Amino acid sequence: MKENIIIIGGGAAGMEAATQLQKLGLTPVIIEKSNALGGHIAQWDKLFPAFHNAKDVVSKMFDNVKDIKTYLNTEVTDIQRNADGFHAVLSNGEAIDGKAVVLATGFDLFKAERKQEYGYGIYNNVITSLELEKFFRTRKDERINNPKKIGFVHCVGARDVKVGNTYCSKVCCTTALKQACEMKEVFPEAEVYTFYMDLRMFGPGYEDLYLKTQKDYDVKCIRGRVCEVSEDMDGRLVIKAEDTLFGKPLRMTLDLLVLMCSMEKNKSIDKIQRQLGIENNSDGFMQNRDMYLGMNDSKQEGVFVAGTCTAPKSLPDTIGEARSVAVEVFNYVNNK
Amino acid sequence: MIIEGKQKIWADYQKDIPDDHYFYVRSCIRQAFWPGSEVTFLDITRNKLGKDFYENPYHTTCGGIAYHSDTIPQETAMTIIARQFALMKESGYENYVCSCITSFGCYTETLETWHEYPELEAKIRQYLWDSCKKEFAKPKYLAHASDIIYKFRFEIAKQMKFPLVNVKTGKPLKVVEHIGCHYSKMFPSKGFGGAEYPHVLVGMIEAWGGEVVDYPERRHCCGFGFRQYFVQGNRGYSESNTYKKFESMEPYEPDLIITNCPGCPYFLDRWQYVIAEQTGKTYGKNGYGIPALTYEEVAGLVMGYDPWDLGLQMHQVAIEPLLEKMGIPYDPKKKYQGVNGKDLGQPQCPSCIKSV
């Protein structure tokens, strides 16, 4: 008899874990709170570092899970451990049983308005990286009106003691450079600046993207944080920053400012997480058993974790974790 | 500008302020700079609003200037503050309100530090006992005096005689608000509206009929900044900060600047004279400057106090154009008269900025 595996979350991690579990002969069930699978990545236009269409990747993932039982617009409202595994009550009134639970609940995007000094939600031309990605998909955003001067702020809500997030969000640096290049393609005459603390180009092809950003797209990368944003009489943005390489304060007037918002743990899962006895780590994400040999295990038997619920991760890292969690679950079920 | 965004922040940073019964402490420098302001505050709260605001004649400076100039250690500043709190306790009060923004910052910092490090509070108790034989109680509530005027801004509006409106055009006066750095930049939750978009003065301006000017250098320091001015060699830096602000606000053509700090109105007022002497440039119309007033002075003006009783002749920038815009009657002959009409003599007029 095939065993049910309850997968909470239908983003990249959840879909990929389900795909692999099905290949291993188990019966994954995906429970997704929103009205569609795909999570954050489905809202993206192109992926770094090589500008692949996100849609192509997500479409393949959709195809892979088309035969897998999926609940949309559904949340787990209660979950209890029993002799056979877990009993989950869903928000649609149904209940399902599973031998194991995979938490693939992803992340929340940092709310940019919490960094009040950047003026998101107050000054019209301050937008988020997610909103810019939507513009790339739709070419519609009244705020993006042939900007002549564009700024990107890295580490919004990351590596920032003031907001309580001291961790690096890992993907924002590369995303900023990708988006900066794309803006130059859409608006070739625009001057584009990025304001960074360190550029963390850790993955394959990332450093190449960094060089390409400067050599081919003439994007100016300024090492320094933006400290204040305001608006002038014409509705243009006046920013203050520090250029730490020159050791000088800097003021600049921009037409558009893009905030590279960090990842934070998806807090909508807190109640279920508590019921399952999963603690948070020092960054506020879910704690796994061991960062080397138990990264997919939680400290609770039968409960597994994958993707950005434990820390910020890139899409390849997330997919890699989703595949490895499938193996962990398979071994767990077969050795039980 | 998306005003709803600011309104959300304003709603997030509100404080519950007690209605009545406050122990009031003055500012050491405001009494010299703007002697009418604190008197007006007490008159408005006591006699116009019917509240109990008590002053103990034995209270002193909070030590803030010495502390921020690095001439006394924090323990000394805390012991001075502890003595103020002891006077409050002896006077039978639990709500503490201070006139000075730097004092507000020092009191807040002290209370927060004692909260985090109770052993330091115990040490200061001992210092106070050893030095003064006094015991203190921490205030149940700490407010800045501008918080009080903000709280009662609508009651003041009900008694208003001269709103912040240009009587000739019928349009709201354009008002720049300038918040003292120590109001909420250190502890955003302690100020109405938080640190980035404080509401404490905006609320007064809007309640009294004015229109708020938001300009790029709104958040910039006035130029006081303690060591920017106290160290003589740094004074050019002080002036350059003020200059930067005026250059930034100039295109908006403000009629008035309202402040809630002892130093800000002083530097925003006096440096206008210096800039005019150095460059020939003035920021008001027709050779005048832009008046930089305290919130008590503005409250007094809208409520119909005599401008000279408010001490507005103490400002370098002439106040008369503003009085005429607001339709406030004044007697030019009384501008430099003291008690019983005694002639105090007129100050020397500057050459590049109009004084009358």
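Just so we're clear, the structure is a prediction, and the values are computed from it rather than from any experiment. (Residues numbered from 1 in each chain as written. Chains lettered and ligands numbered in written order. Predicted model: local features only at pLDDT ≥ 70, side-chain atom pairs only at ≥ 80, totals over all residues.)

## Some words on the overall build of chain B
Keep this limit in mind: Helix and strand definitions follow DSSP, with helices as H or I runs of at least four residues and strands as E runs of at least two, each counted in order from the N terminus. Put simply, the radius of gyration uses C-alpha atoms, and a globule should come to 2.2 Å times the residue count raised to 0.38. Partly exposed residues are those whose C-beta has more than 12 but fewer than 20 other C-beta atoms within 10 Å; 20 or more makes a residue buried and 12 or fewer makes it exposed, with C-beta atoms placed from the backbone.
In terms of regular secondary structure, chain B is built from 16 helices and eight strands. A compact globule built from 356 residues should have a C-alpha radius of gyration of about 21 Å, and chain B, at 20 Å, falls within 12% of that. Counting across all 356 residues of chain B, residues that qualify as buried make up 47%.

## Topic: the confidence of the model for chain B
Defined as follows: Every residue carries a pLDDT, the predictor's confidence in it, which falls somewhere between 0 and 100.
Mean pLDDT over chain B stands at 95; residues scoring 70 or higher make up 100%. Predicted as a complex, the structure gets a pTM of 0.92 and an ipTM equal to 0.90.

## Topic: the interface of chain B and chain A
This is how the line gets drawn: By the criterion used throughout, residues are in contact when their C-beta atoms, derived from the backbone, lie within 7 Å. Ten residue types, Ala, Val, Leu, Ile, Met, Phe, Trp, Tyr, Cys and Pro, are classed as nonpolar, four, Asp, Glu, Lys and Arg, as charged, and the remainder, Gly among them, as polar.
The interface of chain B with chain A comprises 13 residues on the first partner and twelve residues on the second. Along the lines of polarity and charge, the residues of the side of chain B that touches chain A split into seven nonpolar, two polar and four charged.

## A short note on the domain arrangement of chain A
Residue and element names in this part refer to chain A. Condition: Note: domain ranges come from an automatic or database domain assignment.
According to the domain assignment, chain A consists of domain 1 (4-106 + 266-335) and domain 2 (112-263). Distance between the C-alpha centres of domain 1 and domain 2: 31 Å. With 13 residues of domain 1 in contact, the opposing surface of domain 2 contributes 20 residues. Partitioning the side of domain 1 that touches domain 2 into residue classes produces six nonpolar, three polar and four charged.

## Structural notes on the sheet that holds strand E7 (residues 85-90) of chain A
All names here are of chain A. Cut-off, in case you're wondering: If DSSP finds at least two bridges between two strands, the strands pair. To get an axis, a line is fitted to the C-alpha atoms, and for a helix only the part in contact is used. The angle between two axes follows their N-to-C directions and goes from 0 to 180 degrees.
Taken in spatial order, the three strands line up as E6-E7-E8 in an open sheet, and their pairing is antiparallel. Bordering the open sheet on either side are strand E6 (76-82) and strand E8 (95-98), each of which pairs with just one other strand. Within the sheet, the average angular offset between the axes of one strand and its neighbour, ignoring direction, is 20 degrees.

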